[in-house]
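# Structural overview
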Amino acid sequence: MKKSVIKNIVNDAYSFSLIAKIISVITGLVYSILFSRYLGAELRGTASIINNYSELIMLVLCFGVYQAYPYFKKKTGENKYTEYINLIFGMFLVYSGIVAAFILIVRPFVSVAVTAVLIPLLMGIKQLNYVVLIENPKLRNMAQIWLDLFDIVFLGALMIFTTANYFYCVLFLIVKQVVCFIIAVANLKIPLHKIRPTLKGIWPYVKYGFIPMLTVILMEVNYKVDVLMLDWFQISQAEIGVYSLGVMLAQKLWLIPDALKDILLSKLAGGKTESEVCKVTRISFWVTIICVIGMVFLGKPLIWLLFGPEYSDAYLIILVIMVGVLGMVFYKMIYSYNVVNGHKNINFVILGVSSLINVVLNAAVIPFLGIMGAGLASLISYTACGIAFLLYFCKKTNIPLKELVLLKKSDIKQIKKMLKK
C-alpha cells in the first residue's frame, strides 16, 4: 500500500475509525471463539453475570463525570483535559480504598470479591477512554486493537497450559481489565508524576452529569438486564452462556454505527451541526441492513463452525435481537447529538421508558420462554428506543424523516470513497 493512501486513510477520521472497528470486530470474534470454547457455556455464563453486575455498579459510581466532558469543553472553550484526568484518578483511588477495606473486613464470596475488584478498574477505564475518545479518537481505536490482540494471546496461553475452571475464569476477567487500565493510562500521554489525583472541583460535573449518569445506566439496563434477570429466574448458567453469545454476535452488527458514532461525537463537540448527524445516520442504517441480511444467511453455519454445537441455539437469539439493532442505529447517533448539545433530559426519558419496557417484558416472558423470551424483550425495547429517538430528532430540528433514512448520491460516493481507501 502506498504511503499516500495510508496517509489519506489516517487523515480521514471516519475511514480510520471504520477500518479500526472492522479489525477490532475480527480480533474480537477470534477472542470470542477462544473464550467460548475454552470456558464452555456454563463458565461463560458465570463470567457474563459477574461482568454485568460490575459494569452496572461502576456506572452508578462514575456519577456521570465523564459524560459532562464534551459539554463543558464545547461550552467554555477551555482546555479541561488535565482537570478531568486528575478528577478521574481521585475517584479511582477513593474507590480502590473502599474496595480493599470491603474485602478485608467483610470477606465476601469469591464472585462478590471479584465483582468489587473490577468496579474501580472499570470506572477508570470507562472515564479515561471517554476523554481520550473526545480528544484523540484514532488513539483510542488503535488501543482497542492492541487490547483485543492481548486477549487472544492470553486466552491462547490459557488454552494450551491450563484446563478451564472457575479460578482461571475470574483470573482472566481481572487480568484483562488490569491491562485495559494500564493502556488507558498510557493513552493519556501525561507522565504519571504530573497527575494530581483530587476530588476538588468535581461538583459542577457531578451536578451536570447526574441525569446523563441515570441515562447511561438505563441504556446499560436495556443491554444487560436480560442476563441478570435470566439469573434471577434461575435459568441455568449454560443457557445464559448461550444467550450471552447470541447477544454478543447480534451486537457485532453495531460495527458501523459504533465506528461512525465515535467520530461523530468528537466532530459535534468540535462544532459540526445536525446535517452531519443525518449523513452519518443514513449511511449507518443502510450498511447495517446489509450486515443483517448477511447474518441471516451465514449466522447458523458460522456458529456451528466457529463455536461448536454447544452454542447452536444462539442463532435463534441472533435472529430475534438483530432486528432491534436496526432501531438502535438511530439511538446511537441522536444520543451523541443530544449529549453534546445539552439535551440530557430527553435521553433520560426515552431510555427510561425503553428500559422499563425491557424489564417488564423480561419478567413476563422469561418464566415461559426462557432465553428466547429475553431475546424478544430486547427486540421490542430496542425498536421502541430507536423510533423514539428518531421522531424526537425530527421534531426538534424540523428535519424530514427521509433525511435520516434515505440514502443520497453524496452518501453513496462517501461509501465508495471509504471502500476504496
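Residues numbered from 1 in each chain as written. Predicted model: local features only at pLDDT ≥ 70, side-chain atom pairs only at ≥ 80, totals over all residues. Heavy atoms only, no water.

## A look at unusual backbone geometry
One non-glycine residue, Phe-63, lies in the positive phi region at around 55°. Residue placement: Phe-63 occurs in the loop between helix H2 (13-62) and helix H3 (69-76). (Helix = DSSP H or I, 4+ residues; strand = E, 2+ residues; numbered from the N terminus.)

## Here we look at the layout of surface pockets
Estimates place the volume of the largest pocket at around 460 Å³. As for the largest pocket, its lining consists of 18 residues, and the residues nearest its centre are Val-25, Leu-29, Lys-252, Met-295 and Leu-302. Counting only elements with at least two residues in the lining of the largest pocket, the list comes to H2 and helix H11 (274-306). The dominant element in the lining of the largest pocket, judged by the number of residues it contributes, is H11, at eight residues. Here the lining of the largest pocket is composed, by residue class, of 15 nonpolar, two polar and one charged. (1 Å grid on protein atoms, 1.4 Å probe; cavity = no way out; pocket = protein on both sides within 12 Å on 5 of 7 lines; lining within 4 Å. Points joined across faces, edges and corners; volume = space filled by probe spheres on them. Nonpolar A, V, L, I, M, F, W, Y, C, P; charged D, E, K, R; others polar.)

## Considering helix H8 (residues 203-232)
Here H8 spans only 36 Å end to end across 30 residues, well under the 44 Å set by a 1.5 Å rise per residue. At Lys-224, H8 shows its strongest bend, of approximately 55°. Burial within H8 is extensive, with 23 of its 30 residues counted as buried. In the stretch just after H8, Gln-234 is the one whose phi turns positive, near 60°. (Expected span 1.5 Å × (residues − 1). Bend = angle between axes of the 7 residues up to and from the residue. Buried < 20%, exposed > 50% of the residue type's maximum accessible area, 1.4 Å probe, protein only.)

## Considerations on the packing of H8 against helix H13 (residues 344-369)
Running from N to C, H8 and H13 point in directions that differ by 20°, and their axes come no closer than 9 Å. In terms of orientation, H8 lies roughly parallel with respect to H13. The two elements H8 and H13 cross, and the hand of that crossing is left-handed. Along the lines of polarity and charge, the residues of the contact of H8 with H13 split into 15 nonpolar, nine polar and three charged. (Axes fitted to C-alpha atoms, helices over the stretch in contact; angles between N-to-C directions. Parallel < 35°, antiparallel > 145°, perpendicular 65-115°, else oblique. Left-handed = near helix turned anticlockwise from the far one by under 90°.)

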